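Below are the chains, spelled out letter by letter.
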Amino acid sequence: MRVTKRTNIAIRVLMHCAANTGRLVTKSEIAKRCNASENHLAQVINQLAQLGYLHTQRGRNGGLELSRPAEQIRIGDVFRALEAPVPLAECFADVDNTCPLTEACRLKIALSDAANAFYATLDPITLDTLICDNAPLMDILAPQGRCAMAKIEPVLAAQ
């Protein structure tokens, strides 16, 4: 299975926002840190906002941030939302399907099962799992920051 460029960039955007919890980040900042074009980022950010993963604020002091805590964002859900419309094979497409085997072929079922297994593998992984305790990633995405979960752990340890 191949992940689309859109999903790849979306995960980078979400990780960048999670690594910079507590402040608005800008599209240009993400473009620089994640090596992505601002035009492509704009489309991905818009889609993530429509799906409820990001809160965006326009204007001079605008930017974006996660719309919910990183531990509540499941990577499997993000992949399903962004990848599900992409057909795995021609027979998955209602409009462009010219395969004469569609009625009798079992490949579509096998591919569908494989895709579901792929998503199921990603389901237990949350956004905070990708960034917390990942110092090399934090050095790239938020050199001055730290994982939001790291802010909670010292408080819990003191109790």
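Residues numbered from 1 in each chain as written. Predicted model: local features only at pLDDT ≥ 70, side-chain atom pairs only at ≥ 80, totals over all residues. Heavy atoms only, no water.

Details of the pattern of salt bridges
Item 1. This model, assessed by the stated rule, comprises 3 salt bridges.
Item 2. Measuring nitrogen to oxygen at the nearest pair gives 2.5 Å for the salt bridge that ties Arg23 to Glu29.
Item 3. Of the charged contacts, one joins Arg80 and Asp77 as a salt bridge, the two residues approaching to 3.7 Å between their closest N and O atoms. Residue Arg80 and its partner Asp77 are both found in helix α4 (residues 75-83); the two are separated by 3 residues, about one turn of the helix.
Item 4. Each of Asp77, Arg80 and Asp123 takes part in a single network of salt bridges with overlapping partners. (Salt bridge = Lys/Arg side-chain N within 4 Å of Asp/Glu carboxyl O. Helix = DSSP H or I, 4+ residues; strand = E, 2+ residues; numbered from the N terminus.)

So, the side chain of Asp128
Item 1. Topologically, Asp128 is positioned in helix α6 (residues 127-131).
Item 2. Buried charge without a salt bridge: Asp128, with Arg74 as the nearest opposite-charge side chain at an N-O distance of 7.6 Å.
Item 3. At 2.3 Å, the side chain of Asp128 and the side chain of Thr126 are in polar contact. (Buried < 20%, exposed > 50% of the residue type's maximum accessible area, 1.4 Å probe, protein only. Lys, Arg positive; Asp, Glu negative; His and termini not counted. Polar contact = N/O pair within 3.5 Å; in protein donor to acceptor, adjacent residues only side chain to side chain.)

Re helix α3 (residues 38-50)
Item 1. With 13 residues, α3 ought to run about 18 Å at 1.5 Å a step, and its terminal C-alpha atoms sit 18 Å apart, in line with that.
Item 2. Burial in α3 covers these residues: Leu41, Val44, Ile45 and Leu48. Down the axis, α3 shows its buried residues gathered within 105° of arc, on one side only. Relative to its buried face, α3 has exposed residues pointing more than 90 degrees away, namely Asn39 and Gln50.
Item 3. Buried-residue contacts for α3 involve α1 (5-19), α2 (27-34), β1 (54-57), β2 (63-66) and α4.
Item 4. Once α3 finishes, Gly52 follows within two positions and takes phi at roughly 90°, a positive value. (Expected span 1.5 Å × (residues − 1). Arc of directions from axis to C-beta. Contact = heavy atoms within 4.5 Å.)

Describing the layout of surface pockets
Item 1. Its volume calculated, the largest pocket comes out at about 320 Å³.
Item 2. Along its surface, the largest pocket is lined by Thr26, Lys27, Ala42, Ile45, Asn46, Ala49, Thr56, Gln57, Arg58, Gly62, Gly63 and Leu64.
Item 3. Elements represented by at least two residues in the lining of the largest pocket include exactly α3, β1 and β2.
Item 4. It is α3 that provides the largest number of residues to the lining of the largest pocket, a total of 4 residues.
Item 5. A per-class count over the lining of the largest pocket returns 4 nonpolar, 6 polar and 2 charged. (1 Å grid on protein atoms, 1.4 Å probe; cavity = no way out; pocket = protein on both sides within 12 Å on 5 of 7 lines; lining within 4 Å. Points joined across faces, edges and corners; volume = space filled by probe spheres on them. Nonpolar A, V, L, I, M, F, W, Y, C, P; charged D, E, K, R; others polar.)

By themselves, these observations are geometric and do not establish any function.
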